[in-house]
Amino acid sequence: MSQLFKNAGKLTRFQLRQDRFRIPVWLISLSAVTFVTAISFVDLYQNDAERQAIAETMRNPAMTAMVGQGYGLDNYTAGAMMSHQMLLFTAIIVAIMSILLVTRHTRADEEDGRTEIIRSLPSGRLSNLTSTILLVSFTNVLLALIIGFGNYALGIESMDLEGSMLYGAALGATGIFFMALTAVFAQVSESSRGTIGLSFAVLGLAYLIRAIGDVGNETLSWFSPLGWALGAEVYVNNYWWPMLVMLGFSILLCLLAFYLNAMRDLGSGLLPSRPGRTHASLFLRSPFGLALRIQRTAIIAWAAGMFVIGVSYGSILGDLESFMEEIEIMEQMVNPVEGYSLTEQFITMLMAIMSMISTIPVMMIILKLKGEENKNRTEHVYSHAVSRSRVLGSYLILSVAVSFIMQFLAIFGLWAAGSAVMDEGISFAVMFNAGMVYLPAIFVLIGAAVCFVGVIPKLSGLTWLYLIYSFMVVYLGDLLQFPEWMNNLSPFGHIPQIPVEEVDFIHVTILIGIAIGLTVAGFIGYNRRDITG
Amino acid sequence: MNVLRATNLTKQFGKFTALDGVDLEVNKGEVFGFIGPNGAGKSTTIRILLGILNATEGRAEIFGKDVWGDAVEIHKRVAYVPGDINLWPNLTGGEVIDFFLNLRGSGNRNRREELISRFNLDPAKKCRTYSKGNRQKVALIAAFSSDADLYILDEPTSGLDPLMESIFQECVIQAKNEGKSVLLSSHILSEVEKLCDRVGIIREGKMIETGTLKELRHLTRTNFVVETKEPIVSLNELKGVHGIQKADQAVSFQVDTEELDNVLKFITSYGIIRLESAPPTLEDLFMRHYEGTSRTLESGAGGAL
């Protein structure tokens, strides 16, 4: 029995060596963002009155859906702000970190045949999974301790030792839960893409269940691991038991992963793989067909996901409407605009967020070309009579078409669910315009991706950073009161907020111009540069 | 004394039967060649022997221990080189070799350095920059600098240049001289012919032939090219003669090993001017078994020579 885990310790150290930069970067960025936010809260809101004022603006379902329930709104200290506005956001990033780390050391290594080499050495059958769990658990515990002690060390009055430790623990426990979940999916799915996809889908679902639950039905939130993290009511009531629940479930999931790992063959998954076609369909016989075919599953999954996101946000519009009716004085609301309902203002916010989520699959399509090149698969294509512009153009057309499809599905989901729950629904035309007006911003990111792939392919990952930056300034910009110029750096900051604002054709035209410029630069670069594989 | 013994190994992936009752034996101090066409089940057999896959049926033992249950113990004395190896992109070749040696718990530092210089590998480079041949060298160096008693090599020279291939062959011969055993799966038949004491041929999940090359050669035909003073008449009526072809003055044909004596006596009576004979190559054996027909043998001695 002990043979099963032989040399897991040595493997952990080996994995640590592989991640000697990766893990510190995660830990430093996560703790830095946390500490900077805590300090900025103290700077932004100097006294109780200012803090209470901001608390009032938080008392609406739209905010609740986005950041979670405000447990400390009656006494909105800096600590309460942290647990209300920052904890959920940080927990999601921690979950992503765990998902990526676990996949990297389990299914990805197995897929590339590296696990086979390890298994041919004197190491136990379960050693690789064990060492991965040890490594990622260690990373999460370390993160919990750094953020826990760090928050306390900031010396902010409302952030005491117990609360700070619980804040760290909630992040660590979320990370460990998603580590265990990914460990299971790594056994179930046959590929690392599948493992990451399934894990992200559960993470997204956990977020949506919590959003719907927090707004309408609190019991529902307890079905989401993110709901457990927030349920600790850090810095307000400091409940430790949700952490135990999360760790308990994590242990069960780890045991399940071990069981599945022990019973399956190396290299295989549990999801069935069925035989495919023996001949390519007519459609596949072109670069565009290939670009679509290799990303078909991902596109369909994202399309379904966008619709679900739209429906989920739509389902809370009813609560928002009834909430509005209860409250007459609206002065404290974020940027109240005469003549428009809070619901309509909320929709502009939703559209911005949904557009940025739509941008993920859209950008993935362009960057896939770089991924294909990394795996030495484009050279086969170019050994045939195919021009570079035609290949890049195929990915570009697909990407633009998908951006429209994703936006449409999100808008349609939002409108359909919204009309079902609201007394006075918002017309589809309004929603359609409010959503589609974000397309130019998405095009700028497509252009940026094309430009990177064409001109400096090594840095094409930076496009993701740009999207994350846009997300940060739009999602957190109002809360953290970023300066205006930071907002202006993101294309999403220039989109007119329909229906609250008028359509601003100048800005939209400039954005489209930038998108075209970047795309052209990308095409020129791609035609000139060396193809590496 | 056998180091490795597998009996009736069967492996099913769902409904597909990858291995169907494979028997295999490797003796101490022996190099065993394991050949067969793509998809015949060589790698599946090797993965079962390494305890990576669990056989559906049958039993396999290495050093008298069960390959699945005692995998960890066995692997301390086994070195494995796969045909296509992916390494950790952000580690150097040297780091990977050391990790392998460290995990096995034994290894010879001097030997490591010696092999690195013989194989001409730069151990300070990141694995992501290595070509296929260089990745293969990393695996070979790690394997041959360990103190293993059994080497399991699955197409180990794929991607190596001819010079490196000959160094690999030296390593195998050296291991053999030290009394170690080698299971070598390969498509390079000249390599197998040169190195292996015994050969096993697998096809569609079944071992169809096992034995020394000498034994296997009995199963096939010797190639002849003969030029005689008088034309040989009714050669085709002779027992054990196949694939007769006339070219200029000469005639070429193959003869079944058991009929050699009779046939030679017969043709000498026609006055031999020139006689060329060639033993069947492993390739002849291989082709004959793989195709299940004697098509290549029919094509004439010219092709086989």
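Numbers given to residues run from 1 along each chain, matching the order in which its sequence is written. Key to labels: chains lettered from A, ligands numbered from 1, both in the order written. Where local features are concerned, this predicted model is filtered to residues with pLDDT of at least 70; where side-chain atom pairs are given and counted, the filter is 80 or more; whole-chain, interface and lining totals use all residues. To obtain the side-chain values, all non-hydrogen atoms of the structure were included, while hydrogens and water were left out.

Student: Would you explain the sheet that holds strand 13 (residues 250-256) of chain B in this entry?
Tutor: Whether parallel or antiparallel, the strands of a sheet pair through hydrogen bonds between backbone atoms. All names here are of chain B. Two strands pair under a simple rule: DSSP has to find at least two bridges between them. Each helix is a run of DSSP H or I of at least 4 residues and each strand a run of E of at least 2, with the numbering of both proceeding from the N terminus. Spatially, 12-13-11-14 is the arrangement adopted by the four strands of the open sheet, whose pairing is antiparallel. Two strands close off the open sheet at either side, each with one partner strand: strand 12 (241-247) and strand 14 (272-278). Averaged over all neighbouring strand pairs, the angle between strand axes comes to 20°, with direction disregarded. The pairing of strand 12 with strand 13 spans five bridges and is antiparallel. Bridge assignment links V241 to a residue of strand 13, and that residue is V255. Angles run from 0 to 180 degrees between N-to-C directions of axes, and those axes are lines fitted to C-alpha atoms, restricted for helices to the stretch in contact.

Student: How should I be thinking about the pattern of salt bridges in this particular structure?
Tutor: Salt-bridge detection follows one rule: a side-chain nitrogen of Lys or Arg within 4 Å of a carboxyl oxygen of Asp or Glu. Here the structure, examined in full by the defined rule, presents 36 salt bridges over all chains. In this structure, A:R59 engages A:E56 in a salt bridge whose closest nitrogen and oxygen atoms are separated by 3.2 Å. Judged by its relative accessible area of 30%, A:R59 is partly exposed. Note that B:R59 and B:E61 form a salt bridge whose closest N and O atoms lie 2.8 Å from each other. To sort residues, take the accessible area from a 1.4 Å probe on protein chains only and compare it with the maximum for the residue type: under 20% means buried, over 50% means exposed, and anything in between is partly exposed.

Student: Looking at this structure, I do not really get a nonpolar patch on the surface. What am I missing?
Tutor: All names here are of chain A. Distance thresholds for patches are 9 Å for like charges and 5 Å for nonpolar side chains (Val, Leu, Ile, Met, Phe, Trp, Tyr), applied to residues having over 30% relative accessible area and no salt bridge. The accessible surface values rely on the Shrake-Rupley method and a 1.4 Å probe; as for residues, cover is taken only from the protein chains in view. On the surface, a cluster of nonpolar side chains totalling about 450 Å² of accessible area is made up of F307, V311, F404, I405, F408 and F412. Where the nonpolar patch is concerned, the elements lending two or more residues are helix 14 (287-315) and helix 18 (388-421). At four residues, the largest contribution of residues to the nonpolar patch is made by helix 18. Within the secondary structure, V311 is located in helix 14. When its relative accessible area of 30% is taken as the criterion, V311 is described as partly exposed.

Student: Explain the packing of helix 5 (residues 78-105) of chain A against helix 10 (residues 192-215) of chain A here, please?
Tutor: For any two helices packed against each other, one specifies the inter-axial angle together with the distance between the axes. Residue and element names in this part refer to chain A. Running from N to C, helix 5 and helix 10 point in directions that differ by 165°, and their axes come no closer than 10 Å. Regarding the angle of helix 5 to helix 10, the classification is roughly antiparallel. In this structure, helix 5 crosses over helix 10, and the sense of that crossing is right-handed. Only S192, T195, I196, S199, F200, L203, Y207 and R210 of helix 10 make contact with helix 5, whose side of the interface consists of L88, I92, A95, I96, I99, L100 and T103. Roughly parallel here means an angle under 35 degrees, roughly antiparallel means over 145, roughly perpendicular means 65 to 115, and every remaining angle is called oblique. The hand of a helix crossing depends on one turn: near helix anticlockwise from the far one by less than a right angle means left-handed, and clockwise means right-handed. A contact between two residues is defined here by any heavy atoms of the two lying within 4.5 Å.

Student: Could you clarify how one ought to interpret the packing of aromatic side chains in this entry?
Tutor: Each pair of aromatic rings taken from Phe, Tyr and Trp, with Trp reduced to its six-membered ring, is defined by centres within 6.5 Å and is described as stacked if the planes are under 30 degrees apart, edge-to-face if over 60, and tilted in the remaining cases. Taken as a whole and assessed by the stated rule, the structure comprises 26 aromatic pairs over all chains. On the basis of an interplanar angle of 85° and a centroid distance of 5.0 Å, the ring pair of A:F14 and B:W88 is categorised as edge-to-face. Taken as a pair, A:F14 in helix 1 (residues 8-18) and B:W88 in the loop between strand 6 (78-81) and helix 3 (93-104) lie in two separate chains rather than in one. Here A:F14 and B:W88 have matching classes, each one buried. Ring centres of A:W228 and A:F249 lie 5.1 Å apart, and the angle between their planes is 20°; on these two criteria the pair is classed as stacked. Residue A:W228 is found in helix 12 (residues 225-231), and its partner A:F249 is found in helix 13 (residues 241-263); the two are separated by 21 residues along the sequence.

Student: When you look at the interface of chain A and chain B in this model, what are you seeing that I'm missing?
Tutor: Size of an interface: often given as the accessible area lost when the parts come together. With 25 residues of chain A in contact, the opposing surface of chain B contributes 32 residues. The term buried area refers to how much accessible surface (probe radius 1.4 Å) is lost by two components on association, counted for both of them together. Buried surface at the junction of chain A and chain B, both sides included, amounts to about 2800 Å², of which 58% is carbon and sulfur. Taken together, the links from chain A to chain B amount to three salt bridges. Here B:K11 and A:D265 are joined by a salt bridge, their closest N and O atoms 2.8 Å apart. Pairing of N or O atoms within 3.5 Å defines a polar contact, subject to two protein rules: one partner must be a possible hydrogen donor and the other a possible acceptor, and residues neighboring in sequence count only if both atoms are side-chain atoms. Between chain A and chain B we count 16 residue pairs in polar contact (both at pLDDT 80 or more) in total. For the side of chain A that touches chain B, the secondary-structure elements that each account for two or more residues are helix 1 and helix 7 (114-120) of chain A.

Student: Which parts of the structure should I look at to understand the pairing of strand 7 (residues 150-154) of chain B?
Tutor: Two faces, one strand: in a regular strand the side chains alternate between the faces of the sheet. Residue and element names in this part refer to chain B. Extensive coverage of strand 7 is indicated by the burial of five of its five residues. Burial along strand 7 is two-sided: L150, I152 and D154 facing one way and Y151 and L153 facing the other are all buried. Pairing of strand 6 with strand 7, which is carried by four bridges, proceeds in the parallel orientation. Counterpart to V81 in the pairing with strand 7 is L153. With five bridges joining them, strand 7 and strand 8 (residues 181-185) adopt parallel strand pairing. Bridge pairing links I152 to L183 in strand 8. The β-α-β motif built from strand 7, the intervening helix 6 (residues 162-177) and the parallel element strand 8 has right-handed crossover chirality. The handedness rule is simple: strands pointing away from the viewer, and a clockwise path from the first strand over the helix to the second, make the crossover right-handed.

Student: What's the story with unusual backbone geometry in this structure? I'm lost.
Tutor: Residues apart from glycine generally show negative phi values, whereas peptide bonds are mostly found in trans. Residues and elements named next belong to chain B. Phi at F63 takes a positive value of approximately 50°, unusual for a residue other than glycine. Looking at the element boundaries, F63 is found in the loop between strand 4 (57-62) and strand 5 (65-66). One non-glycine residue, S234, lies in positive phi territory at about 45°. Tracing the backbone shows S234 in the loop between strand 11 (221-228) and strand 12.

Student: Mind showing me how you'd approach the sheet that holds strand 5 of chain B here?
Tutor: Residues and elements named next belong to chain B. Read across the sheet, four strands follow the order 2-1-4-5 without closing on themselves; strand pairing throughout is antiparallel. Every other strand in the sheet has two partners, leaving strand 2 (16-27) and strand 5 as the edge strands with one partner each. When strand 1 (residues 2-13) meets strand 4, the two strands line up antiparallel, connected through five bridges. Bridge pairing in strand 4 places A6 opposite A60.

Student: Would you explain the environment of A:S281 in this entry?
Tutor: Along the chain, the position of A:S281 falls in the loop between helix 13 and helix 14. Note: C-alpha distance between A:S281 and A:I357 (76 residues apart in sequence) is 32 Å.

Student: Explanation requested: the nonpolar core in the structure shown.
Tutor: Within soluble globular proteins, side chains that are nonpolar tend to cluster in buried spots. The nonpolar core is taken to be a set of buried Ala, Val, Leu, Ile, Met, Phe, Trp, Tyr and Cys residues, with the residues joined through side-chain atoms within 4.5 Å. Residues A:Y167, A:Y207, A:Y313, A:M351 and A:F492 are the most contacted members of the largest nonpolar core, which totals 146 residues. The element best represented in this core is helix 16 (residues 342-374) of chain A, accounting for 17 residues. In this document the domain limits rely on a domain assignment from an automatic tool or a database. Mapping this core onto the domain boundaries places at least three of its residues in each of domain 1 (1-273) and domain 2 (281-533) of chain A. Sequence-distant contacts of A:Y313, defined by excluding residues within four places in its chain, comprise A:Y207, A:L350, A:I353, A:M354 and A:L414. Counting residues in hydrophobic clusters, the runner-up holds 55 residues, among them B:I97, B:V138, B:L189 and B:L282.

Student: In this structure, what is going on with helix 2 (residues 22-44) of chain A? I would like to understand it.
Tutor: Structurally, the α-helix is built with 3.6 residues per turn, so residues lying three or four positions apart point the same way. Helix span, expected: 1.5 Å multiplied by one less than the number of residues in the helix. For helix 2 of chain A, built from 23 residues, the straight-helix expectation of 33 Å at 1.5 Å per residue is met to within 8% by its first-to-last C-alpha distance of 33 Å. Those residues of helix 2 of chain A that fall on the buried side of the exposure criterion are A:I23, A:L27, A:L30, A:S31, A:T34, A:F35, A:T37, A:A38 and A:F41.

Student: I tried to follow the confidence of the model for chain B on my own but got confused; where do I start?
Tutor: Parts of the prediction with low pLDDT should not have their coordinates interpreted in detail. All names here are of chain B. Residues of chain B with pLDDT of at least 70 account for 94%, and the chain-wide mean is 87. As a per-residue measure, pLDDT reflects the predictor's confidence and takes values from 0 up to 100. The spread of mean pLDDT over the elements of chain B runs between helix 12 (residues 301-304), the lowest at 37, and strand 8, the highest at 96. Overall, residues 293-305 carries pLDDT values under 50, and its contacts beyond four positions in sequence, including any with other chains, amount to 28 contacts. As a predicted assembly, this complex carries a pTM of 0.81 together with an ipTM value of 0.75.

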